[in-house]
Amino acid sequence: MCLCQHHPLDGEWRMFIDENMKYQYFLNIVPIELKKLSGRLVKANQLTVTEMEQKPGSRAFRGRSNSPIHPEAGVYFNYDFSPVKVVNLETRKTLLELMTSCFAIIGGIFTVGGMVNGLIHAVTSAYSSADSKRLQRRGSAALSPS
């Protein structure tokens, strides 16, 4: 998880074509705590942005007023601070957990290999039995008197 200082609205710009446009940004802010293995505690905020653009004359733009030129044209920022904090803990696996994971991976490889082997065996036996039946028919047809 990168706790860089990059903000979603950095470098954003808009050119107003119509002076009655309404731009809204909804910013959700979630506090984050990262506890590193070294014991260091890093506190930060995660910021997500949703934007909405409304054109003059749209029903959402007018709101309760029926006037097409509404005094609410402009740029608005709506902040929502989350009451829930996300806590990430860095942990290290024990040797027993590491060995269990390795044996599970090896067991999975053997299981998939066994299934592939069974499939290949079934296909080749079906093909060889079909070949032997075809050869038996040819042989019996060649031996039968005409």
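Cut-off values and rules
Residues numbered from 1 in each chain as written. Predicted model: local features only at pLDDT ≥ 70, side-chain atom pairs only at ≥ 80, totals over all residues. Heavy atoms only, no water. Patch = residues over 30% accessible without salt bridge, like charges linked within 9 Å, V, L, I, M, F, W, Y side chains within 5 Å. Areas by Shrake-Rupley, 256 points an atom, 1.4 Å probe, with all protein chains shown as cover. Salt bridge = Lys/Arg side-chain N within 4 Å of Asp/Glu carboxyl O. Buried < 20%, exposed > 50% of the residue type's maximum accessible area, 1.4 Å probe, protein only. Helix = DSSP H or I, 4+ residues; strand = E, 2+ residues; numbered from the N terminus. Contact = heavy atoms within 4.5 Å. Pairing = 2+ DSSP bridges. pLDDT = per-residue confidence, 0-100.

A. A look at a nonpolar patch on the surface. On the surface, Leu-95, Leu-98, Met-99, Phe-103, Ile-106 and Phe-110 cluster together into a nonpolar patch covering about 660 Å² of accessible area. Taking relative accessible area as the criterion, Leu-95 reaches 60% and is therefore assigned exposed.

B. Region of interest: the environment of Lys-43. For Lys-43, the position within the fold is in strand β2 (residues 41-54). For the pair Lys-43 and Val-87, spaced 44 residues apart in sequence, the C-alpha to C-alpha distance is 9.4 Å. Every residue in contact with Lys-43, bar those within four places of it in the chain, is listed here: Ile-32 and Glu-33.

C. Layout of the side chain of Gln-24. For Gln-24, the location among the structural elements is in strand β1 (residues 22-35). With residues near it in sequence (within four places) discarded, Gln-24 still touches Thr-50, Glu-51, Met-52, Gln-54, Tyr-76 and Asn-78.

D. Highlighting the environment of Gly-39. Within the element layout of this structure, Gly-39 appears in the loop between β1 and β2. Measuring from C-alpha to C-alpha, the distance between Gly-39 and Glu-90 comes to 9.4 Å, with 51 residues separating the pair along the chain.

E. Spatial organisation of the side chain of Glu-33. Among the secondary structure elements, Glu-33 is positioned in strand β1. Classification of Glu-33 as buried rests on a relative accessible area of 9%. Apart from the residues within four sequence positions on either side, Glu-33 is in contact with Leu-41, Val-42, Lys-43, Lys-85, Val-86, Val-87 and Asn-88.

F. Main features of the pattern of salt bridges. Within the structure shown, the criterion is met by one salt bridge. Residue Lys-85 pairs with Glu-33 through a salt bridge whose shortest N-O separation is 2.9 Å. Here Lys-85, found in the loop between β3 (74-81) and β4 (86-89), pairs with Glu-33, found in strand β1; they are 52 residues apart in sequence, far enough to count as distant. Residue classification places Lys-85 among the partly exposed residues on the basis of a relative accessible area of 46%.

G. Fine view of the pairing of β1. Alignment of β1 against β2, held across 14 bridges, turns out to be antiparallel. Within β2, the position partnered with Tyr-25 by the bridge is Glu-51. The hairpin formed by β1 and β2 contains five residues between the paired strands, and Gly-39 there has a positive phi angle of roughly 95°. Where β1 lies against β3, eight bridges are found, and the strand directions are parallel. The residue of β3 that forms the bridge with Tyr-23 is Val-75. Examined bridge by bridge, β1 and β4 share four bridges and lie parallel to one another.

H. Highlighting the confidence of the model for the protein. For the protein, the average pLDDT comes to 79, and 75% of its residues sit at 70 or higher. Within the protein, the element-level pLDDT minimum falls on helix α1 (residues 59-62), averaging 53, and the maximum on β4, averaging 91. Note that residues 61-70 has pLDDT below 50 and, in this model, 17 contacts with residues that lie over four places away or in other chains.

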